Amino acid sequence: MIKAILIFNNHGKPRLIRFYQYFAEDMQQQIIRETFHLVSKRDDNVCNFLEGGSLIGGSDYKLIYRHYATLYFVFCVDSSESELGILDLIQVFVETLDKCFENVCELDLIFHMDKVHYILQEVVMGGMVLETNMNEIVAQVEVQNRMEKSESHMERMLLRRHLEPLSPHSHELG
Amino acid sequence: MALKIVKGSIDRMFDKNLQDLVRGIRNHKEDEAKYISTCIDEIKQELKQDNIAVKANAVCKLTYLQMLGYDVSWAAFNIVEVMSSSKFTYKRIGYLAASQCFHESTDVIMLTTNQIRKDLSSPNQYDTGVALTGLSCFVTPDLARDLANDIMTLMSHTKPYIRKKAVLIMYKVFLKYPESLRPAFPRLKEKLEDPDPGVQSAAVNVICELARRNPKNYLSLAPLFFKLMTSSTNNWVLIKIIKLFGALTPLEPRLGKKLIEPLTNLIHSTSAMSLLYECVNTVIAVLISLSSGMPNHSASIQLCVQKLRILIEDSDQNLKYLGLLAMSKILKTHPKSVQSHKDLILQCLDDKDESIRLRALDLLYGMVSKKNLMEIVKKLMLHVDKAEGTTYRDELLTKIIDICSQSNYQYITNFEWYISILVELTRLEGTRHGHLIASQMLDVAIRVKAIRVFAVAQMATLLDNAHLLTGNVQRKGICEVLYAAAWICGEFSEHLDNPTQTLEAMLRPKVATLPGHIQAVYVQNAAKLFATVLKSQEGNTDSTAAQETSQLMIDRLPLFVQSANLEVQERASCILQLVKYIQKLQQKDVEIAEEVIALFAGELNPVAPKAQKKVPVPEGLDLDAWINEPPSESESEDEQPRAIFAKEEPKHSRPRHTEVDEKELAKRREARKQEQANNPFYIKSSPSSQKVYQEAPGVEHIPVVQIDLSVPLKVPGLPMSDQYVKLEEERRQKDRADKKKKEKKKRKEKRSGRGKRHDSGPESEEDITPAHMVDIVTEEMPENALPSDDDDKDPNDPHKALDIDLDKPLADSEKLPVRSHRAAEVLKSPAQDGDAESAASQEPKKKSSKEKREKKKDKDRDRKKSKEDKKKKKKHKHEEKGEDLLGGQAEEPVVQSEATSEVAAPPTSTTAEVSDLDFWLSNAPVPSNTQEAATVVAAAEAAPTSEVASGTAPDSEPDEPKDTETEETKSSKHKKKKQKKEKEEKEKKKKKKHHHHHHHSDGGGEESVQNGTVEEEEPLPPMSNYCLLAENSYIKMVNDIQGNLQDGSQVVVSVIFENKCDSFLKSMEFNVLDSLNSKLQRPEGSGPHDGLTVPFQLPPGVSNEARFVFTMQSIITPQKLKGTLTFIVKNEDSSTHEKLDFKLHFTCTSYLISTPCYSDAFAKLLESGDLKCSSVKLEGVVMPFHHLLARICFRHHFSVVERIDSCASMYSRSIQDHHVCLLVKTSGQTVSIDAKCDEPTLLGNVLDEIKQTFSQC
């Protein structure tokens, strides 16, 4: 099981947090801080696994992370997950982001946290890996985005239709 | 209306969206908090608007703020509103917000049940998907219970996208509502073979997650997983399965043997490192589970170690890390194969990566031997000096101690060396592990008698230099060591060279700055030392020395009498008075040393940590019962007794220090003084000494130099551990030389003796003789200690609830709540439980005949499997013995009869699994702990044998014992099995009797129930709702009808067909004459009069269930449909066509679905006035009220809303959403039911049916 997924930047600012077990907000922030503290002091050329986050999990849990440019992607997982598998999964997730945002950068995550969540939801669900095939993930995300677009298009049409009554022609519509 | 929308939309254009919010926050870096609080105000305004778009936008922004740490639970209701929007865009926002901030105690969650249910059944798969995703994050026990059935339906959705999500979420549902596991499991299992790889992977994921916690329940799935493992190409699935096997193999070593080959192949073939690694891991698990040292597996070990070495040597730090991790697993069972890589692991200790160093440390633990311990520890000590961060250094410290102390100091040859290592470790700055070192010192000094002289000398030096340890604030942790030092010096003071000096050191004023519990030990042990000093000085002619010592005590102790710590104060006062008394006696030249020593006589032996727990509770003693009335709450617990020499947990004593604050202490002291003054028996101290108390701190003018050094200190006068390494080396060399000489001699005499020894190095373990003759005192255990060691399980583990036997067949009562049963569970009463039990006992009874038949079925399955396997292996099948696939000994001859060999395997039955697995693994009996399994296996063997014996005509009475005919053909082994079976049978009967007893006490009605006939007449509630549909000499049909909540016009009829004869039934066709109102749903393309083929065949004695869907237009009246079942009875020599007519009775009850209803909603419903009234009176009902309610709940699908005394309100809903409300009152033997429903006809019919139910009993 994945217990939490955290994305934060080189300064520890959270860009996405996703806990699969309940923690109160202040505890969440504390976990982010602790995790950032643990992860940030590590060189780039050391291994991507970390034990000893005391706030989250315990001895059965590991932090598995990857560092991309300005962002850390940290997964907190228990021993049922394969370490290398999760590393691959992070890669898949990031590549998916890259595809969906077209050359993803930190700013995309900052301004579109909701979209990142929606993409993540297609990869991990309730702490369990849902899909690892990037094409499938991207396809599902796109279909849903199209639905959203068509809904907002409909709304705009509706809006236009309702704005028209302002002209003297068709009063009875109101 | 339209204007409103327009207005909302225009408003929206001016609202901040998420991007604006983020931009705003970024622009207000200085006053972020202030800016956000204004934003939250805006959001609150937006949430008040009616426009859902505005609300959704606001909720979206809240989700962002939640990430920044703001509590947004106040908007929970708005989130629910957004969730229930019909637009996907908003719904998604709502569910996202909910998944981020809802949790079990969010109260609005209970409002979401229906909304979620609606979304789950939405025609748009993405609505369903979003709901599932959201639900996976905030599912509560209530939601899980209410939605389990809906989610289970989704597991068979047409879209794989939904299927995989539904499958995954089931795990969460199981966790929250463990009762759903058994009903849902068969379908989950089906999904393992789903055509869509995503769904398959999800199912594997869920089952692996379940199996990880309770592996033994999933052992029966091993063959299926094995098949998946050999066929799947998806690395994710493979990794999960292989990990699962790793968890299963410890339970079933034969599985391991079977796995080795395919896993080894994978190791050789795969290019994916992740897969390779997991394979190696599982092979290791297999090797651990197999008895080690088997010659044919040494190759596998070598392969693993060799692959791991490659990983460790890789430049990729991740692989290095994992390699070390896996290596440590091999180490436990095959230390030799790892030890040869010591160089590599020591090299990793120098790695710049802390994770890797820690892993290497773990490995070292298992690699030490007598020979290399000193060398390894020396290396570690070097690292301790170099280590920068305290965490890593502390880790090193604990590891050094672990390594040395493991398995009762097995590897230590020279304890002087170890003591000096411990002393060296006290130089560490800022370590948290002072108490660890202290407990080691105590342990060694107590248990290794030979080392006491040395230890005492070292400890005396430590005490003498105590200021070095306590000087710095940072060194607080390490002063724990002084606790040990003081105790050792006191307890073993006879070994001290200069006790007077040590005594002086222990009474220095600086000691008063130590933590209280250490001071207390100082004081107590000063007294012990004092006794020793007295003893040594008494012999002298000059008595002044002794008197000086007494004076020293009298001078210094008052300092401690003033201590803020009660313990210290009390001991000091006590000892001070004692010394004064001694001094008085000394002045009279009385010899008192012996008596003083007697105060501290006696040896303290170590006690095993679990000794207390292991003391058996004497018979008749109830530890939980109160001896006196329970004390009032106010009595605080701060006066817990504390073990004085509690070396294991000195931690405990520290918080004590803070518990008693100064004020209270002063108060207490005052009170005590008062009391002392008033107490004539209290020996008051002289006023002069009182004065000394106050002046005490000033009396001592010994200059104390405070040395604050940041460099690690060297305590002067202490030996360095390094010198021991050298000494040891020399000693060993000498030893070796001696030995060689001896050996040469020996060899000349006898050449063969020594050759066998497997030397792992130039010098084998046994050659190293310890420097001291060590007597390690073992820990004491109480007499007749309980042997059990199962106190390690965590009772709070949520997964414990999921420890459910999945191999047992599903009982009728086990259904997901929506269908019928939960309401009955609402009432928890002893009688009810009794009913449940009697129903449970009913189960095996019914099975007793059924089970036996099932055995045959199992056999067939086994047979089929074995056939397949055999084909694969292209081996010839032996008639008498099943093939042993694992190459083990076939212990049980499995006899197969030709009569059943052509039978196609019936659809999967869970009971079959156990014996199935057994066969798959080998023919040896499984050491299975569940009785159930044992029965099945035992019976499985018995049944077919009898068939062979009786020729081709199987028994017509499956119930009858077959011993008589089969005895001759059975081997003795079979007899044993048989006996076992009989025993179980007897047990069952006993149980039956027991439950009947229950039965009577319930007043259930039946006076005499005979074993066998109970099935039909048993009327008690949690029994099956299945009723007889039709029966003839060939077949019996029982059925149950349930409404389908998803579709208001559908009911599902479940029919169990039971083959009663000894022939084979096939080509069964089920047909019903449709009426205008009700129609049997037939597959597309078939005509309105075509029958439905029952999708299975029935071998003799077997029963199976099929479901038929009917479409109803109106449900307000009961219906009867005529139908026919046609089938072919196939005998050995002939086959006949038979038919059986039946009448399918759709009661109105069958359209009702038990639905929970809250009492407020219920009240509203009654007030609404839409409902029509009706009532009915039942006379002569002689059953307890709760019993009656349970019956209505169970038989008529109601749920209890509220119950007050002899009055209860009940609710149910029809599949077409009619509300049915009941008010049930009882007085004496009369029960009156007032009922309301929006459809009077339906109500009338339901009431009639209820009446009927009660008139029958």
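Position labels on residues start from 1 in each chain and follow its written sequence. Chains and ligands are labelled sequentially in the order written, the chains with letters from A and the ligands with numbers from 1. Local features in this predicted model are restricted to residues of pLDDT 70 or higher, and side-chain atom pairs are both shown and tallied only at a pLDDT of 80 or more, whereas totals for entire chains, interfaces and linings draw on every residue. Only heavy atoms go into the side-chain values, all of them from the structure, while hydrogens and water stay out.

A. Main features of the overall build of chain B. Scanning chain B from N- to C-terminus turns up 48 helices and 15 strands. About 59500 Å² of surface is accessible on chain B, with carbon and sulfur atoms providing 52% of the total. A run of DSSP states H or I qualifies as a helix once it reaches four residues; a run of E qualifies as a strand once it reaches two. Both are numbered from the N-terminal end. Residue-level accessible areas treat just the shown protein chains as cover; the underlying method is Shrake-Rupley with a 1.4 Å probe.

B. Examining the sheet that holds strand β1 (residues 2-9) of chain A more closely. All names here are of chain A. Across the sheet, which stays open at both edges, the five strands sit in the order β2-β1-β5-β4-β3 with antiparallel pairing between neighbours. Strands at the two margins of the open sheet, each flanked by one partner only, are β2 (14-19) and β3 (49-50). Pairing between strands is defined by DSSP: at least two bridges between them are needed. The sheet contact formed by β1 and strand β5 (residues 71-77) spans seven bridges and is antiparallel. Counted as the bridge partner of F8 is Y72 from β5.

C. Quick look at the interface of chain B and chain A. The contact criterion used throughout is that any non-hydrogen atoms of two residues lie within 4.5 Å. Residue-level contacts link 71 residues of chain B with 63 residues of chain A. Between chain B and chain A, roughly 6200 Å² of surface is buried when both sides are summed, and carbon and sulfur atoms account for 57% of that area. Per-residue buried area on chain B facing chain A is highest for M67(B), R92(B) and W236(B); these three make up 12% of the total on that side. By definition here, a salt bridge exists when the distance from a side-chain nitrogen of Lys or Arg to a carboxyl oxygen of Asp or Glu is within 4 Å. Between the two partners, chain B and chain A, sit eight salt bridges. Between E122(A) and K165(B) there is a salt bridge, with its nearest N and O atoms 3.7 Å apart. Contacts described as polar in this section are N or O atom pairs within 3.5 Å, which, within protein, must combine one atom able to donate a hydrogen with one able to accept it, while residues neighboring in sequence count only if both atoms come from side chains. There are 32 residue pairs in polar contact (both at pLDDT 80 or more) connecting chain B and chain A. Among the elements that line the side of chain B that touches chain A, the one with the most residues is helix α6 (residues 88-101) of chain B, at nine residues. Two parts placed together each lose some accessible area under a 1.4 Å probe, and adding up what both lose gives the buried area.

D. Representation of the pairing of β5(A) within the structure. Residues and elements named next belong to chain A. Within β5, seven of the seven residues are buried, which leaves the element mostly enclosed by the surrounding structure. Note on classification: 1.4 Å probe, protein chains only; a residue is buried when its accessible area is under 20% of the maximum for its type, exposed when over 50%, partly exposed between these limits. Here β5 shows no split at all, with L71, F73, F75 and V77 on one side and Y72, V74 and C76 on the other all buried. Summarising the sheet, strand β4 (residues 62-68) and β5 pair through seven bridges and their orientation is antiparallel. Residue pairing in the sheet places L63 in a bridge with C76 of β5. Taking the residues between adjacent antiparallel strands as the criterion, β4 and β5 are bridged by two residues, where A69 takes a positive phi near 40 degrees.

E. View of the sheet that holds strand β2 (residues 1035-1043) of chain B. Residues and elements named next belong to chain B. The strand order β1-β2-β3-β7-β5 describes an open sheet built from five strands, whose pairing is antiparallel. The open sheet has two edge strands with one neighbour each: β1 (1027-1031) and β5 (1078-1080). Ignoring strand direction, the axes of neighbouring strands in this sheet form an average angle of 30 degrees. Pairing geometry for strand β3 (residues 1050-1059) and strand β7 (residues 1103-1112), over nine bridges, is antiparallel. Note on definitions: angles span 0 to 180 degrees between N-to-C directions of axes, and those axes are lines fitted to C-alpha atoms, for helices only across the stretch in contact.

F. Up close: unusual backbone geometry. Residue and element names in this part refer to chain B. Positive phi is not limited to glycine here, since Y409 has a value of about 60 degrees. Along the chain, Y409 turns up in helix α23 (residues 390-409). For Y409, a relative accessible area of 3% gives the class buried. With phi around 45 degrees, S1067 is a residue other than glycine that occupies positive phi space. Assignment of secondary structure puts S1067 in strand β4 (residues 1064-1072). The class for S1067 is partly exposed, based on a relative accessible area of 37%.

G. Spatial organisation of the pattern of salt bridges. Scanning all chains against the criterion turns up 43 salt bridges over all chains. Between K16(B) and E42(B) there is a salt bridge, with its nearest N and O atoms 2.8 Å apart. A residue pair is termed long-range when its members are at least 10 positions apart, and K16(B) in the loop between α1 (2-14) and α2 (18-27) and E42(B) in helix α3 (residues 32-48) qualify at 26 residues. For R1107(B), the salt bridge goes to E1105(B), with nearest N and O atoms at 3.7 Å. On the basis of relative accessibility, which here comes to 29%, the residue E1105(B) falls in the partly exposed class. Shared partners join several salt bridges into a network, and the residues in it are D78(A), E209(B), R212(B) and R213(B).

H. Expanded view of the nonpolar core. All names here are of chain B. The criterion is simple. A nonpolar core is a set of buried Ala, Val, Leu, Ile, Met, Phe, Trp, Tyr and Cys residues joined through side-chain atoms within 4.5 Å. F102 and Y418 are the most contacted members of the largest nonpolar core, which has 300 residues in total. Among the elements that line this core, the one with the most residues is helix α30 (residues 516-538), at twelve residues. With residues up to four places along the chain from it excluded, the contact list for Y418 reads I401, C404, S405, Y409, I412, Q440 and V444. Residues F1070, V1176, L1189 and I1250 belong to the second largest nonpolar core, which totals 64 residues.

I. Region of the structure containing the environment of H1145(B). All names here are of chain B. Within the secondary structure, H1145 sits in strand β9 (residues 1135-1146). Taking the relative accessible area as the measure of exposure, H1145 reaches 37% and is therefore partly exposed. Separated by 26 residues in sequence, H1145 and Q1119 have C-alpha atoms that sit 6.0 Å apart. Not counting residues up to four positions away in its chain, the partners in contact with H1145 are I1041, Q1119 and K1120.

J. Main features of a nonpolar patch on the surface. On the surface, a nonpolar cluster with roughly 440 Å² of combined accessible area is contributed by F77(B), M110(B), L111(B) and Y1158(B). With respect to the helices and strands, the residue F77(B) is situated in helix α5 (residues 76-83). Within the patch definition used here, like charges are joined within 9 Å and nonpolar side chains (Val, Leu, Ile, Met, Phe, Trp, Tyr) within 5 Å, considering only residues with over 30% relative accessible area and no salt bridge.

By themselves, these observations are geometric and do not establish any function.
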